[in-house]
Amino acid sequence: MSIATTSPRLFSRAWSALLLVILAFLIIYPTGMLLLGALTDANPVIDGFANMQLSLGNFATVLANPTVHAALGNSLLACTGGTLLAVVIGLFFAWIVVRTDTPMRGFIAATGMLPLFVPPLVAGVAWAILGSPKTGLLNTVLASMGIGFRFNLYSLSGIIFVFGMYYAPYVYMFTASALRNMDPSLEEAAEISGASAFRTMFTITFPLILPAIVSGMLLSFIVMLGIYGVPATLGAPANIPVLTTYIFQLTSWSPPRYGTAASVAMILMVVTGALVVIQQKVLSGRSYVTVAGKAFRPRTLRLGPWRWFTFALAVIYLFVVVLLPTAALLIGAFRKFLFIRNLEALFDAKQYSWLHFDRLFSNPATIDSIVNTMEVGVATALIGGVLAFAVGYTVARTQAPWRRAIDVIATVPVAIPGLVIGVAYLWAWIGLPGGFYGTIWILALAFVARFLPDTVKVLTSSLMQIHRELEEAAWLCGRGTLSTIATITLPLARPGVIAAMTLLFVLSIRELGSSLFLYSSQTMVMAVHLLGYYEGGNFSVTAAFSLVQMVLLAVLIGLTNLATRSSAPSDAVGSVGRAG
Amino acid sequence: MSAELAIRDLEKVFSTGKPAVDGVSFTIAKGEIVVLLGPSGCGKTTTLRCVAGLEHPTAGEISLDGDLVSAPAKGILTPPRARNIGMVFQSYAVWPHMTVRQNVTYPLRTRGMTRAAMTAAVAEALDLVDLAAYADRPVTQLSGGQMQRVALARSMVYAPRLLLLDEPLSNLDAQLRLRLRDDLRRIIKRTGLTALYVTHDQQEAVVLGDRIGVMQDGKLRQMATPADLYNRPADQFVAEFTGAASMLPCRLVRREGEFGSVEMADGRRVEAWMPGAPAIGAAMVLAIRPENALLGAAGGPNCFTARVTSLRYQGTQTIYELDALGGRIEALELGTAARHAEGAEVSLTLPPALTWAYASLP
Ligand SMILES: Nc1ncnc2c1ncn2[C@@H]1O[C@H](COP(=O)(O)OP(=O)(O)O)[C@@H](O)[C@H]1O
Ligand SMILES: [Mg+2]
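Cut-offs and rules
- Residues numbered from 1 in each chain as written.
- Chains lettered and ligands numbered in written order.
- Predicted model: local features only at pLDDT ≥ 70, side-chain atom pairs only at ≥ 80, totals over all residues.
- Heavy atoms only, no water.
- Near = heavy atom within 4 Å.
- Polar contact = N/O pair within 3.5 Å; in protein donor to acceptor, adjacent residues only side chain to side chain.
- Areas by Shrake-Rupley, 256 points an atom, 1.4 Å probe, with all protein chains shown as cover.
- Helix = DSSP H or I, 4+ residues; strand = E, 2+ residues; numbered from the N terminus.
- Nonpolar A, V, L, I, M, F, W, Y, C, P; charged D, E, K, R; others polar.
- Contact = heavy atoms within 4.5 Å.
- Buried area = accessible area lost by both parts, 1.4 Å probe.
- Salt bridge = Lys/Arg side-chain N within 4 Å of Asp/Glu carboxyl O.
- pLDDT = per-residue confidence, 0-100.
- Core = buried A, V, L, I, M, F, W, Y, C linked by side-chain atoms within 4.5 Å.
- Buried < 20%, exposed > 50% of the residue type's maximum accessible area, 1.4 Å probe, protein only.
- Patch = residues over 30% accessible without salt bridge, like charges linked within 9 Å, V, L, I, M, F, W, Y side chains within 5 Å.
- Axes fitted to C-alpha atoms, helices over the stretch in contact; angles between N-to-C directions.
- Parallel < 35°, antiparallel > 145°, perpendicular 65-115°, else oblique.

## Observations concerning the site of ligand 1
Residues and elements named next belong to chain B.
Then comes step 1: With respect to spatial proximity, the complete set of residues near ligand 1 consists of Phe14, Ala20, Ser40, Gly41, Cys42, Gly43, Lys44, Thr45 and Thr46.
Then comes step 2: Interatomic distance of 2.6 Å between a backbone N/O atom of Gly41 and an oxygen atom of ligand 1.
Then comes step 3: Contacts to ligand 1 include Thr45, whose side-chain N or O atom sits 2.5 Å from an oxygen atom.
Then comes step 4: Calculation on ligand 1 without its partners gives an accessible area of 560 Å², and the protein chains cover 58% of this total.
Then comes step 5: In terms of residue count, the dominant contributor to the shell around ligand 1 is helix α1 (residues 44–52) (3 residues).
Then comes step 6: Grouping the amino acids of the shell around ligand 1 by side-chain chemistry returns 3 nonpolar, 5 polar and 1 charged.

What follows is the structure, given as structure tokens:
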């Protein structure tokens, strides 16, 4: 009856080794190739890898290049400004929703999350339609009212504004949960010792949730740093380069400057990596804020008549980030001509039609891009879901060897912006024979790698909720590991598995940064196609296509919520904003 | 069929360093119920999980009917699924995505039984725990006590060689706990299973166990029948843990076999039972349960005068705190009326067989 210990140990070694090989293939190999690319002046397409010379030349050139300085400076400025704006808005909303008696707090909290679901490219398009200096809808309205002031979203402040508005929910999520989990007696103690409500807020409440604020701040900074859609739509017309747009430019010159692009990408990755490390450090110091497993009833501050003031601010925010852009896209998509002479013309029904949708769908490339995107999405969701479950289960539930290493490698992509993954995969595959580059599989694998940390996190947190004894009971009943996973773990983790797979699907529909480097004419995806329309100058069709994407995303997210019969786990919501 | 369990020198050291189980040895005969009793953190659960195969011991041997299942020195470690052991977890671990019947049928599915045999076995198990009427309910609609019985039925349905229970009653309210602990013993005895039961509750241990093992800091202090445990505690920890409230310092002056005389701080001598072979003159501790300190009975050995310093009236009983033998002794008397007032002089008798002296811990 005794079973020797050697065979299971051998099996778990082999299993861990297999996972490590897969992760190395997906993450370490491309990153290594990126580094190699940054250290060589060869062009992998023309020269192959045969006559490669290692040198720091690229870094020297790049660091001496004034455009890189400008791009780096613009990136830092845009992200700092955007982050500060996001913190102010996000923290304020967290406080309103969790700690005050502002009317309709639940509604504000729910709609306030909507911007997270809007792809940055679509947000950029909507705000270009609203705020381009000459033809922007807002400026048309101002002009027809005889006001001299003009908005100009084609500027650094425009980018900062859109970043701040759309990433405020990130900061909100972090700070709201910290506020909610704070022991109210800490504040009561301050007030009993004689502090006023405002003094308490600034000396007790905010310092206690500081780790959450800083963490949310760093996280939004990191995400903004890697975003391509917003600077491409708002920065490009005014010739404001940032790191992401500059990297793409380098690869679209002829001949493409792949080596230089790789070294700028390395710089972007190093900056992001450093920030991620700091963020993890800050997060690990948060333990004194939240008391695990205890649910507090947060104190609410009675604002009296001021609650209508806070309510009005919330309404203004929602108007600006939800209603205005949606209206802009609708008007852009359905009006025959975007140029609007005056306010009456805006409401002239004869001006509206399905014309641009007809034009959009009469282009066969559009349907192709939708089909491609769906294929990539399904492939990413299936491959990524299975891999993330394997990684999450191995790390959280088993004693398999090397699981720390597996965990660390699977987390690394957090620190790699999408665009950098794109450049890395380009370097990893473009020079290799076999034709893998240019298929939808390279897109899917890049997405799997890019979003592995988010997927693993969602799956792990749902695995953590399954009491270990539920599995142990099955082992004692005579089941092996695989049979236990199939009959007990998977059925119980189903909502998490569905959430993780939809998350992957949604993220891969939105993803633009890495797709830019990996698509071919046969594998054009929606986000790239949309950018093409925008850069071709056709705002109306761009708006129509943006609406199509938004509807697709909304349907998808709605279906998942139905399938899991609950709102998606909060981890999943938080991750949605990461792609773009 | 039910088997004999033998544990020899079991040791489990977690990465944290201090052993959680430290050299535990005992055997359980076929059909016997043994209870491991001890304060929280003493290593009961870890011992149980080592027997189940869920935890890998760092040293020692565990065998079922002479069949080694854990022996790290020999590289033997039978996985839990191959041990044919049943276990009731502290959290019950009933699977929430299945009905009562599905839960109980689950372990039978891999045992190559015919459908009819499975149905019969499940029906019998559900009958045993009185849940036949609930067979097709989702388990999420059951009360805590019912879930506990589902867990019990599930662990017994395949007639395992050994049944393990980890504080199965600790998540229930007090009323239910009293009823279920009587039920539990009846059910286990009826199936004739060998059982190892873990609890921190003395009452539960006494009612359920044929023998009780008291654990402290990973060590097994004593394993004995309930009566022996209460009348012959093997050391000071066991005496104190099972309820000896009064501990007085003393010195050994004379010893004859298991009995001897100790000299108290006030110079008086007390006849007492003592385990082991302490040396004359050794520093000792005299341990007395409040129930064994008799008030007022005069005559015979160990009769002393004492003064009541305070009393705690508890409705159906009164606990007197006495100043005697150079220390404090608690005495308990049943009855709704307190017989002595504060400050009263009373006589105190300590029956030598129920007065225990232990070598002082260094
Ligand atoms: N997985 C583990 N890792 C480290 N220490 C553990 C682990 N499980 C239990 N321990 C430690 O072992 C000791 C005994 O624990 P346990 O057997 O659960 O006690 P009991 O069931 O008697 O309350 C405790 O000090 C506990 O902290
Ligand atoms: Mg325990």
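On we go.
## Concerning the environment of Tyr437 of chain A
Residue and element names in this part refer to chain A.
Then comes step 1: You can see Tyr437 is positioned in the loop between α19 (418–429) and α20 (440–464).
Then comes step 2: Taking C-alpha positions, Tyr437 is 10.0 Å from Trp427, a pair spaced 10 residues apart along the chain.
Then comes step 3: In this structure, Tyr437 is in contact with Leu426, Trp429, Ile430, Ile442, Phe517 and Leu518, ignoring residues within four places of it in sequence.

## Digging into the interface of chain A and chain B
Then comes step 1: Counting from both sides, the interface comprises 22 residues of chain A and, opposite them, 31 residues of chain B.
Then comes step 2: Buried area between chain A and chain B, both sides added, is near 2,300 Å², and the carbon and sulfur share of it is 62%.
Then comes step 3: When residues of chain A are sorted by the area they lose upon contact with chain B, Leu476, Cys477 and Arg479 of chain A head the list and together hold 30% of the total.
Then comes step 4: In this assembly, chain A and chain B are joined by 1 salt bridge.
Then comes step 5: Here Arg49 of chain B makes a salt bridge to Glu472 of chain A, at a shortest N to O gap of 2.7 Å.
Then comes step 6: Linking chain A with chain B are 9 residue pairs in polar contact (both at pLDDT 80 or more).

## Considerations on the confidence of the model for chain B
Then comes step 1: In this model, chain B carries an average pLDDT of 92, and 99% of its residues clear a pLDDT of 70 or more.
Then comes step 2: As a predicted assembly, this complex carries a pTM of 0.84 together with an ipTM value of 0.81.

## Thoughts on the nonpolar core
Then comes step 1: The biggest cluster of nonpolar side chains holds 266 residues, and the ones touching the most others in it are Tyr425 of chain A together with Leu196 of chain B.
Then comes step 2: The greatest single-element share of this core, amounting to 15 residues, is contributed by α20 of chain A.
Then comes step 3: Not counting residues up to four positions away in its chain, the partners in contact with Leu196 of chain B are Leu5, Phe26, Ile28, Val34, Leu36, Leu48, Val51, Leu162, Leu163, Leu164 and Leu165 of chain B.
Then comes step 4: Among the nonpolar cores identified, the runner-up in size contains 26 residues, and Cys250, Ile288, Phe304 and Leu322 of chain B belong to it.

## Things to note about a nonpolar patch on the surface
Then comes step 1: On the surface, a nonpolar cluster with roughly 370 Å² of combined accessible area is contributed by Phe11, Trp15, Leu18 and Ile22 of chain A.
Then comes step 2: In this fold, Leu18 of chain A is placed in helix α1 (residues 6–38).

## So, the packing of helix α6 (residues 120–131) of chain A against helix α14 (residues 306–334) of chain A
Residue and element names in this part refer to chain A.
Then comes step 1: Running from N to C, α6 and α14 point in directions that differ by 75°, and their axes come no closer than 9 Å. It follows that α6 is roughly perpendicular to α14 by the angle criterion. Note on element contacts: α14 touches α6 through Val320, Leu324, Pro325, Ala328 and Leu329, opposite Val122, Val125, Ala126, Trp127, Ile129 and Leu130.

## Focus: the pattern of salt bridges
All names here are of chain B.
Then comes step 1: For the structure shown, the criterion picks out 28 salt bridges over all chains.
Then comes step 2: Of the charged contacts in the structure, one is a salt bridge between Glu271 and Arg254, with a shortest N-O distance of 2.9 Å. With Glu271 in strand β14 (residues 269–273) and Arg254 in strand β12 (residues 246–256), this residue pair connects regions lying 17 residues apart in the sequence.
Then comes step 3: You can call Glu271 partly exposed: its relative accessible area is 26%.
Then comes step 4: Overall, the relative accessible area of 32% leaves Arg254 in the partly exposed class.
Then comes step 5: Residues joined by salt bridges that share partners form a network here, namely Arg8, Asp9, Glu61 and Lys74.

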